[in-house]
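Working through the structure, step by step
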Amino acid sequence: MSHREYSPSPSGGEVARIIRPVLETLLGRTGLRVLEYHLEKLLQNNPYDALCADPHSFHVAMRRLFGQGADAMIRIMAKKMIEENILDAEDPNELLEALKDPREGRKKLLRMLRIHEDDKHE
């Protein structure tokens, strides 16, 4: 596997900046690279860009990788993000529900991560 630098869209880059350290803490550097590699293959896109653009497709890819364990993995990730005050949510299930929502998931996710589309244009 060749590691390459991602060049995501501004919001995808911001999502990567926020989420990558949490995933690295949970999975280790090698585990994170493996996860990113497989997500990129499934999504045919940078996983952070995909997460930002279409959270539902990201959730589907996680389910393909982890099966029933995907939701638990997302909850663990969300719990860590809440603890580190980088996810504006009361409960880890809020992130999971945003990822499962094909209509409003993106808006919910960006709000929880404190990233608003209007901020990109200023």
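Residues numbered from 1 in each chain as written. Predicted model: local features only at pLDDT ≥ 70, side-chain atom pairs only at ≥ 80, totals over all residues. Heavy atoms only, no water.

**Quick word on helix α3 (residues 55-66)**
Between its terminal C-alpha atoms α3 stretches 16 Å, which fits the 16 Å expected from 12 residues at 1.5 Å a residue. After α3 finishes, the residue G67 shows a positive phi value of roughly 60 degrees. (Helix = DSSP H or I, 4+ residues; strand = E, 2+ residues; numbered from the N terminus. Expected span 1.5 Å × (residues − 1).)

**A closer look at empty space enclosed by the protein**
All chains considered together, the criterion is met by 1 cavity of 30 Å³ or more. Approximately 40 Å³ is the volume attributed to the largest cavity. As for the largest cavity, its lining consists of I19, L23, L32, L35, E36, L39, P47, Y48, L51, F58 and M77. Of all the secondary-structure elements, those providing two or more residues to the lining of the largest cavity are α1 (10-43) and α2 (47-53). Examining the composition of the lining of the largest cavity, we find that 6 residues originate from one element, α1, more than from any other. Looking at the lining of the largest cavity residue by residue, the classes come out as 10 nonpolar, no polar and 1 charged. (1 Å grid on protein atoms, 1.4 Å probe; cavity = no way out; pocket = protein on both sides within 12 Å on 5 of 7 lines; lining within 4 Å. Points joined across faces, edges and corners; volume = space filled by probe spheres on them. Nonpolar A, V, L, I, M, F, W, Y, C, P; charged D, E, K, R; others polar.)

**Some thoughts on the confidence of the model for the protein chain**
Note: predicted coordinates in regions of low pLDDT should not be interpreted at a detailed level. Of all residues in the protein chain, 85% attain a pLDDT of 70 or more, and the chain-wide mean is 87. Every residue in residues 1-10 is under pLDDT 50, and counting partners more than four places away or in other chains gives 17 contacts. Segment residues 118-122 is flagged for pLDDT under 50; beyond a separation of four residues in sequence, or across chains, it makes 3 contacts in the model. (pLDDT = per-residue confidence, 0-100. Contact = heavy atoms within 4.5 Å.)

**Concerning helix α5 (residues 93-100)**
For α5, the complete set of buried residues consists of L95, L96, A98 and L99. Around the axis of α5, the buried residues are gathered within 160 degrees of arc, so they sit on the same side. (Buried < 20%, exposed > 50% of the residue type's maximum accessible area, 1.4 Å probe, protein only. Arc of directions from axis to C-beta.)

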